[in-house]
Amino acid sequence: MRLAPSILSADFAHLGAEVARVASEADLLHVDVMDGHFVPNLTIGPPVVASLRRVTDLFLDCHLMCTDPIRLLPAFAAAGADSCSVHVEIFPDPTDVIDMLRREGLGAGLVLNPGTPFAAVQRYVERVDLLLVMSVHPGFGGQAFIPESLATVREARAHIDREGLRTALEIDGGINAATIGAAAEAGADTFVAGSAIFHAPDPLAAARALRAAAAAATPVASLPGEA
Ligand code: DX5
Ligand code: ZN
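What counts, and where the lines are drawn
- Residues numbered from 1 in each chain as written.
- Chains lettered and ligands numbered in written order.
- Predicted model: local features only at pLDDT ≥ 70, side-chain atom pairs only at ≥ 80, totals over all residues.
- Heavy atoms only, no water.
- Near = heavy atom within 4 Å.
- Polar contact = N/O pair within 3.5 Å; in protein donor to acceptor, adjacent residues only side chain to side chain.
- Areas by Shrake-Rupley, 256 points an atom, 1.4 Å probe, with all protein chains shown as cover.
- Helix = DSSP H or I, 4+ residues; strand = E, 2+ residues; numbered from the N terminus.
- Nonpolar A, V, L, I, M, F, W, Y, C, P; charged D, E, K, R; others polar.
- Donors = N, O, S within 2.8 Å, 3.2 Å for Na, K, Ca; no water.
- Tetrahedral: all angles 85-135°; square planar, octahedral: opposite > 155°, others 65-115°.
- Buried < 20%, exposed > 50% of the residue type's maximum accessible area, 1.4 Å probe, protein only.
- Pairing = 2+ DSSP bridges.
- Axes fitted to C-alpha atoms, helices over the stretch in contact; angles between N-to-C directions.
- Contact = heavy atoms within 4.5 Å.
- Salt bridge = Lys/Arg side-chain N within 4 Å of Asp/Glu carboxyl O.

J.: Go over the site of ligand 1, please, and point to the residues and values.
T.: Not every one of the 20 residues close to ligand 1 is listed here, only the nearest: Asp32, Gly139, Gly142, Asp172 and Ser195. Separating an oxygen atom of ligand 1 from a side-chain N or O atom of serine 6 is a distance of 2.8 Å. Within the side chain of serine 195, an N or O atom sits 2.5 Å from an oxygen atom of ligand 1. Against a free-state accessible area of 380 Å², the protein chains account for coverage of 100% of ligand 1. Broken down by element, the residue count for the shell around ligand 1 peaks at three residues, all from strand S2 (residues 28-34). Partitioned by chemical class, the residues of the shell around ligand 1 number eight nonpolar, ten polar and two charged.

What follows is the structure, given as structure tokens:
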């Protein structure tokens, strides 16, 4: 499993220190980019990614909750993002945006909101590095996990395994010590957690506990290529 702390719940005035604090338990760093239009919240963009790039080697997993992400991709690539994920609700046919992500040298991810059926992305999963299933309606950290998202995770896991794909299956929203086990059992392999880590009194210990809870629940011992 891979843990992706979401800096959305970190203290932006001390972002470098917040990242350093959890780095030893982080496999990726999840960067929530909100444009105040696709979602009703406004967060951060390429300048913050560039600042993070200077202080960490962690994989920067950028989740673009933006109406017009294509316009932003060159700036994210230049800032040092490792991958960008775009919402299928914006791109019913994501072929062109996937090609653009590749041209920019970025990892490519597709995101499904709660309520968007897996069928909306099924034929594109083989073309991307990451499929992100939202388990809250995007826009804010600290929301309650939507259990219906697990059916989408299960469907995605079955497809990825049946087709022998290497696409990572990430879940994002409401992940904490009480929910991560169900997400792991459903087949997620990459877990975003914001408030459960950064609002904890000891973020590093919280991250460690999440990892342990996911590992204890994972039905398959390992994924291809993982120890
Ligand atoms: C929500 C974001 C999430 C958010 C998760 O729109 O996409 O990544 O940071 O926060 P928690 O883990 O607190 O639900
Ligand atoms: Zn996110």
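J.: Give me the lowdown on the coordination of the zinc ion (ligand 2), citing residues and values where you can.
T.: Around the zinc ion (ligand 2), the protein supplies His30 (NE2), Asp32 (OD), His63 (ND1) and Asp172 (OD) as donor atoms, at distances of 2.0 to 2.3 Å. The site at the zinc ion (ligand 2) holds six donor atoms, and with the angles between them running 70 to 168°, its shape is octahedral. Binding-site remark: the zinc ion (ligand 2) is held by donors from one chain whose sequence spacing is H-x1-D-x30-H-x108-D. Highlighted residues: histidine 63 in strand S3 (residues 59-65) and aspartate 172 in strand S7 (residues 168-172), separated in sequence by 109 residues. Assigned by exposure class, histidine 63 and aspartate 172 land together as buried.

J.: Which residues make up the sheet that holds strand S4 (residues 83-87), and what values go with them?
T.: Here eight strands make up an open sheet; going across it, the order is S1-S8-S7-S6-S5-S4-S3-S2 and the pairing parallel. The outermost strands of the open sheet, each flanked by one partner alone, are strand S1 (2-5) and S2. Averaged over all pairs of adjacent strands, the angle between strand axes in this sheet comes to 25°, irrespective of strand direction. Pairing geometry for S2 and S3, over seven bridges, is parallel. Residue pairing across strands places leucine 28 opposite phenylalanine 59, the latter belonging to S3. Sheet strands touched by helix H5 (residues 149-163): strand S5 (107-112), strand S6 (130-134) and S7. Its angle to S7, the strand with the most contacts, is close to 175°.

J.: Explain the pattern of salt bridges residue by residue, including any values.
T.: On inspection of all chains with the given rule, the structure shows nine salt bridges. Close ionic contact of aspartate 82 with arginine 53 constitutes a salt bridge, the shortest N to O distance being 2.9 Å. Of this pair, aspartate 82 sits in the loop between helix H3 (73-79) and S4 while arginine 53 sits in helix H2 (residues 46-55), and the two are 29 residues apart along the sequence. Given a relative accessible area of 26%, aspartate 82 falls into the partly exposed group. A relative accessible area of 24% means that arginine 53 is categorised as partly exposed. Between aspartate 99 and arginine 127 there is a salt bridge, with the nearest N and O atoms lying 2.9 Å from each other. In this pair, aspartate 99 sits in helix H4 (residues 95-103) while arginine 127 sits in the loop between S5 and S6, placing the two residues 28 residues apart along the sequence. Salt bridges linked by common partners bring Glu25, Asp27, Arg208 and Arg211 together as one network.

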